Amino acid sequence: MGHTGLCIRIFAENFSIHNSQFNMNLILFGPPGVGKGTQAERLRDHYHLHHISTGDILRAAVKAGTPLGLEAKKYMDSGGLVPDEVIIGLVREVLLRDQAEGKGFLLDGFPRTVAQAEALEKIFSELAIPDVHIVSLDAPEDELVTRLVKRGLESGRSDDTEETIRRRLEVYHDQTSPVQEYYNKYRSVHSVDGLGDIDEITRRIHRTLG
Ligand code: AMP
């Protein structure tokens, strides 16, 4: 990076403490098992983002036995989606807090329905968040099932059983893939092949984000 580039970057990093417009904001989109969680952690560290994983927030709430957790558990265990109004309210609160703190965000696992995507657009305009990059990761279904079964054996996640995996992929096709079409219409989407070496996939994401 040249001197000017470095100065601009230092300026942008300092300025971003007060003005979230200079932050990178990302939505990481893709089916269950495509590797969103792994790539999200890398992007979080690289761009210093607040990683907002709705799945992680809900699992923590289930573990803590909060009213949200008790409500969410039944949907999660069956492989279905938590109702839109519950999850939208939760994400709105987190984004409001992030904006107050001047942080860029990385949304992982949200939006998962067109209603959530529409609500998110409203939140963006309410909070005057103009710049959001959407990275869409994809991989063939056989590969997703293999990865999810393997993850279930390793992590013991209660929704990584074969029956629930099948249900979650069905839910993805029915309710979440229309979000991709929604974004293809209204925003530009960086499509990234999620098949292959993890480091190579990270490089692909960095390349497409420039
Ligand atoms: P994940 O870790 O992203 O695969 O999410 C695990 C589970 O949490 C999902 O199968 C859903 O039951 C629930 N969940 C996570 N994010 C959302 C969302 N945006 N909308 C509805 N349900 C969600």
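Preceding block: the structure.
Below, the structure is looked at part by part.

1. Thoughts on the overall build of the protein chain
Move 1: Across its full length, the protein chain holds 9 helices and 5 strands.
Move 2: Taken from the N to the C terminus, the helices and strands of the protein chain come in the order α-β-α-β-α-α-α-β-α-β-α-α-β-α.
Move 3: For the protein chain, the proportion of its 210 residues judged to be buried stands at 32%.
Move 4: Pairs at least 24 apart in sequence give 73% of the contacts found in the protein chain among residues at least 6 apart.

2. Looking at the site of the ligand
Move 1: The local shell around the ligand holds 17 residues, among which Thr-54, Gly-55, Leu-81, Val-82 and Gly-109 are the closest.
Move 2: Of all elements in the fold, only helix H3 (54-64) and helix H4 (67-78) reach the threshold of two or more residues within the shell around the ligand.
Move 3: In terms of residues, the shell around the ligand owes the most to one element, H3, which gives 3 residues.
Move 4: Taken together, the residues of the shell around the ligand break down into 8 nonpolar, 6 polar and 3 charged.

3. Focus on the packing of helix H7 (residues 141-155) against helix H8 (residues 162-186)
Move 1: With their axes 10 Å apart at the nearest point, H7 and H8 run at an angle of 140° to one another. Comparing their axes, H8 and H7 come out oblique. Taken as a pair, H7 and H8 cross one another with a handedness that is right-handed. Residues Glu-141, Leu-144, Val-145, Leu-148 and Val-149 of H7 lie in contact with H8, whose contacting residues are Glu-162, Ile-165 and Leu-169.
Move 2: Per-class residue counts for the contact of H7 with H8 are 6 nonpolar, no polar and 2 charged.

4. Considerations on helix H9 (residues 198-209)
Move 1: Over its 12 residues, H9 runs 17 Å from end to end, which matches the ideal 16 Å to within 8%, given 1.5 Å per residue.
Move 2: Immediately beyond the C-terminal end of H9, within one or two residues, lies Gly-210, with a positive phi of roughly 75°.

5. Here's the deal with the sheet that holds strand S5 (residues 189-193)
Move 1: Ordered by their spatial adjacency, 5 strands build an open sheet running S2-S3-S1-S4-S5, and the pairing between neighbours is parallel. The sheet is open, and its two edges are formed by strand S2 (50-53) and S5, each paired on a single side. Going from strand to strand, the sheet's axes swing by 20° on average, the running direction of each strand aside.
Move 2: Sheet topology note: the strand S4 (residues 133-138)/S5 ladder contains 5 bridges and is parallel. Bridge assignment links Ile-134 to a residue of S5, and that residue is Val-189.
Move 3: Relative to S5, H9 is tilted by about 155°, and along the sheet it contacts S4 and S5.

6. Some words on helix H6 (residues 114-126)
Move 1: Across its 13 residues, H6 extends 18 Å between first and last C-alpha, which sits within 8% of the 18 Å expected from 1.5 Å per residue.
Move 2: Next to the buried residues of H6 lie helix H5 (84-101) and H8.
Move 3: One or two positions beyond H6, positive phi appears at Ala-128, with a value near 55°.

7. Regarding the pairing of strand S1 (residues 26-29)
Move 1: The alternating pattern of S1 places Leu-26 and Leu-28 and Ile-27 and Phe-29 on opposite faces, both of which are buried.
Move 2: The sheet contact formed by S1 and strand S3 (residues 105-108) spans 3 bridges and is parallel. Within S3, the position partnered with Ile-27 by the bridge is Leu-107.
Move 3: Direction of pairing for S1 relative to S4: parallel, over a ladder of 4 bridges. Each residue of the ladder has a partner; that of Ile-27, found in S4, is Ile-134.

8. Remarks on the environment of Gln-116
Move 1: Mapped onto the elements of the fold, Gln-116 is located in helix H6.
Move 2: Owing to 22 C-beta atoms within 10 Å, Gln-116 belongs among the buried residues under this scheme.
Move 3: In this structure the C-alpha to C-alpha distance between Gln-116 and Glu-85, which are 31 residues apart in sequence, comes to 8.5 Å.
Move 4: Once you skip the residues sitting within four places of it in the chain, Gln-116 turns out to touch Asp-84, Ile-87, Ile-88, Phe-110 and Pro-111.

Each value, and the rule that gives it
- Residues numbered from 1 in each chain as written.
- Predicted model: local features only at pLDDT ≥ 70, side-chain atom pairs only at ≥ 80, totals over all residues.
- Helix = DSSP H or I, 4+ residues; strand = E, 2+ residues; numbered from the N terminus.
- Buried ≥ 20, exposed ≤ 12 C-beta atoms within 10 Å, placed from the backbone.
- Contact = placed C-beta atoms within 7 Å.
- Near = placed C-beta within 6 Å.
- Nonpolar A, V, L, I, M, F, W, Y, C, P; charged D, E, K, R; others polar.
- Axes fitted to C-alpha atoms, helices over the stretch in contact; angles between N-to-C directions.
- Parallel < 35°, antiparallel > 145°, perpendicular 65-115°, else oblique.
- Left-handed = near helix turned anticlockwise from the far one by under 90°.
- Expected span 1.5 Å × (residues − 1).
- Pairing = 2+ DSSP bridges.

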